[in-house]
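Chain by chain, the residues run as shown.
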Amino acid sequence: APAAADLKVCNASGARIGLSLGYQDRDGWVTEGWWNISSQSCETLMKGGVPSRFIYVYAVDYDRGGEWAGTNYMCTQEKTFAIRGVQDCQRRGMKRTGFFEVDTGDARDWTIRLTDPEDAKVR
């Protein structure tokens, strides 16, 4: 049997997080959310392979506040969503949110690991 090709997120932080993803498929840009991921656990968010080389991630820390964010702006909403397009978010009644980019290269199977900020420091 062929190996599984999935997109996973591991929450290595000390808090529960809410996570949304952005990516480009054959029909254009898509953002989806929210996945709730417990502290110290992993979730498979997409089965059957990474949809595109670049995946965009935005996550919020439910317990302590804070976020994992970036400068790639896409549309989100407060409740569960699947949104087509990244333009005119506010005009369309959505939030404009900054996602960080993950380059998966040519991999079909990828795991994104989110850590506490203090764990990310170079020593």
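Rules used throughout
- Residues numbered from 1 in each chain as written.
- Predicted model: local features only at pLDDT ≥ 70, side-chain atom pairs only at ≥ 80, totals over all residues.
- Heavy atoms only, no water.
- Helix = DSSP H or I, 4+ residues; strand = E, 2+ residues; numbered from the N terminus.
- Buried < 20%, exposed > 50% of the residue type's maximum accessible area, 1.4 Å probe, protein only.
- Polar contact = N/O pair within 3.5 Å; in protein donor to acceptor, adjacent residues only side chain to side chain.
- Contact = heavy atoms within 4.5 Å.
- Pairing = 2+ DSSP bridges.
- Axes fitted to C-alpha atoms, helices over the stretch in contact; angles between N-to-C directions.
- Core = buried A, V, L, I, M, F, W, Y, C linked by side-chain atoms within 4.5 Å.
- Disulfide = S-S within 2.5 Å.

Side note on the side chain of T97
Link 1 in the chain: Position of T97 relative to the elements: it lies in strand β9 (residues 95-103).
Link 2 in the chain: Since its relative accessible area comes to 8%, T97 is described here as buried.
Link 3 in the chain: For T97, the side chain forms a polar contact with the side chain of T76, separated by 2.6 Å.
Link 4 in the chain: Setting aside residues up to four positions removed in sequence, T97 forms contacts with Y58, N72, Y73, M74 and T76.

Topic: the environment of E78
Link 1 in the chain: Relative to the helices and strands, E78 is located in the loop between β7 (72-76) and β8 (81-84).
Link 2 in the chain: Separated by 16 residues in sequence, E78 and M94 have C-alpha atoms that sit 8.6 Å apart.
Link 3 in the chain: A polar contact of 2.3 Å, which involves the side chain of E78, links it to the side chain of K95.

Re the sheet that holds strand β1 (residues 6-11)
Link 1 in the chain: The sheet built from three strands is open, its strands ordered β4-β1-β10 with mixed pairing. Two strands lie at the open edges of the sheet, namely β4 (41-47) and β10 (110-114), each paired on one side alone. Neighbour to neighbour, the strand axes of the sheet diverge by 20° on average, direction disregarded.
Link 2 in the chain: Alignment of β1 against β4, held across six bridges, turns out to be antiparallel.

Remarks on the nonpolar core
Link 1 in the chain: Counting residues in hydrophobic clusters, the biggest one holds 18 residues, and the most contacted among them are L19, L21, I55, I112 and L114.
Link 2 in the chain: Sorting the residues of this core by element identifies β1, β2 (17-25), β3 (28-37), β4, β5 (54-61) and β10 as the ones contributing at least two each.
Link 3 in the chain: No other element matches the four residues that β2 contributes to this core.
Link 4 in the chain: When residues no more than four places from it in sequence are discounted, the contact partners of I55 are L7, L21, G22, Y23, V50, F100, E101, V102, T104 and I112.

Observations regarding the state of the cysteines
Link 1 in the chain: On inspection of all chains with the given rule, the structure shows two disulfides.
Link 2 in the chain: Shown here is the disulfide that connects C10 with C42, its sulfur atoms set 2.0 Å apart. Looking along the S-S bond of the C10-C42 disulfide, the torsion reads about 110°, which is the right-handed sense. Of the two residues, C10 sits in strand β1 while C42 sits in strand β4, which places them 32 residues apart along the sequence.
Link 3 in the chain: With a relative accessible area of 11%, C10 lands in the buried category.
Link 4 in the chain: Each disulfide pairs two cysteine sulfurs, and for C75 the partner residue is C89, the sulfurs being separated by 2.0 Å. In this structure, the disulfide formed by C75 and C89 twists by about -85° around the S-S bond and is classed as left-handed.

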